[in-house]
Amino acid sequence: MRTEYPDAIRPLIWSSAVELYENAARNSIEFAAEGWNWRTVTDDEYMVPSASGERIHPIHFINAFPPTQNTLSHGEGDTGEKNITSHLDMQVDLQNST
């Protein structure tokens, strides 16, 4: 039984409720960035390696460091400004859902 393991060993084998919640929240963000489609999930080779060697989903960098929104105009007297973004459209959906 699980209660037979020493207190020091249990956390190494089983996740706490807090850890489960955090993992589920992180997985939801990553899966949403992939369009909720298991066929389009990001492969490990496209994950960003951290200093510890852990591989991090790119959506976390996109959300943490969003590109600057640039405004362009086409010259003097031009009122047709255009907003340029170079990141996933999904970021907006993720920010609105939290």
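For the structure, see preceding data.
Below is a summary of the structure that appears in this document.

## Quick look at the overall build of the protein chain
Part 1 of the argument: A count of helices and strands for the protein chain gives four helices and four strands.
Part 2 of the argument: The helix and strand sequence of the protein chain, counted from the amino end, reads α-α-β-β-α-β-β-α.
Part 3 of the argument: Classification of the 98 residues of the protein chain by burial places 11% in the buried group.
Part 4 of the argument: Contacts in the protein chain between residues far apart in sequence, at least 24 positions, make up 32% of those at least 6 positions apart.
Part 5 of the argument: Only carbon and sulfur atoms are counted for the fraction: they give 54% of the accessible area of the protein chain, which is about 8100 Å².

## Notes on helix H2 (residues 17-33)
Part 1 of the argument: The terminal C-alpha atoms of H2, which comprises 17 residues, lie 25 Å apart, in line with the 24 Å expected from a rise of 1.5 Å per residue.
Part 2 of the argument: By the burial criterion, the buried members of H2 are Glu-30, Ala-32 and Ala-33.
Part 3 of the argument: The positive-phi residue at the C-terminal boundary of H2 is Gly-35, with phi of around 75°.

## Things to note about the side chain of Glu-34
Part 1 of the argument: Structurally, Glu-34 is set in the loop between H2 and strand S1 (48-49).
Part 2 of the argument: Put simply, Glu-34 is tucked away with no salt bridge, and the nearest opposite charge, on Arg-26, sits 11 Å away.
Part 3 of the argument: Excluding anything up to four places from it in sequence, Glu-34 contacts Thr-40, Val-41, Thr-42 and His-57.

## Observations regarding the environment of Trp-36
Part 1 of the argument: When you line up the elements, Trp-36 lands in the loop between H2 and S1.
Part 2 of the argument: In this structure, Trp-36 is in contact with Ser-28 and Phe-31, ignoring residues within four places of it in sequence.

## Comments concerning the pattern of salt bridges
Part 1 of the argument: As enumerated under the stated definition, the model contains two salt bridges in all.
Part 2 of the argument: For Asp-7, the salt bridge goes to Arg-10, with nearest N and O atoms at 3.1 Å.
Part 3 of the argument: Residue classification places Asp-7 among the exposed positions, given a relative accessible area of 59%.
Part 4 of the argument: Among the salt bridges present, the one from Glu-30 reaches Arg-26, with a minimum N-O distance of 3.6 Å. In this pair, Glu-30 and Arg-26 both sit in helix H2, four residues apart, roughly one turn of the helix.
Part 5 of the argument: Looking at Glu-30, the relative accessible area reads 14%, which means it is buried.

Conventions adopted
- Residues numbered from 1 in each chain as written.
- Predicted model: local features only at pLDDT ≥ 70, side-chain atom pairs only at ≥ 80, totals over all residues.
- Heavy atoms only, no water.
- Helix = DSSP H or I, 4+ residues; strand = E, 2+ residues; numbered from the N terminus.
- Buried < 20%, exposed > 50% of the residue type's maximum accessible area, 1.4 Å probe, protein only.
- Contact = heavy atoms within 4.5 Å.
- Areas by Shrake-Rupley, 256 points an atom, 1.4 Å probe, with all protein chains shown as cover.
- Expected span 1.5 Å × (residues − 1).
- Lys, Arg positive; Asp, Glu negative; His and termini not counted.
- Salt bridge = Lys/Arg side-chain N within 4 Å of Asp/Glu carboxyl O.

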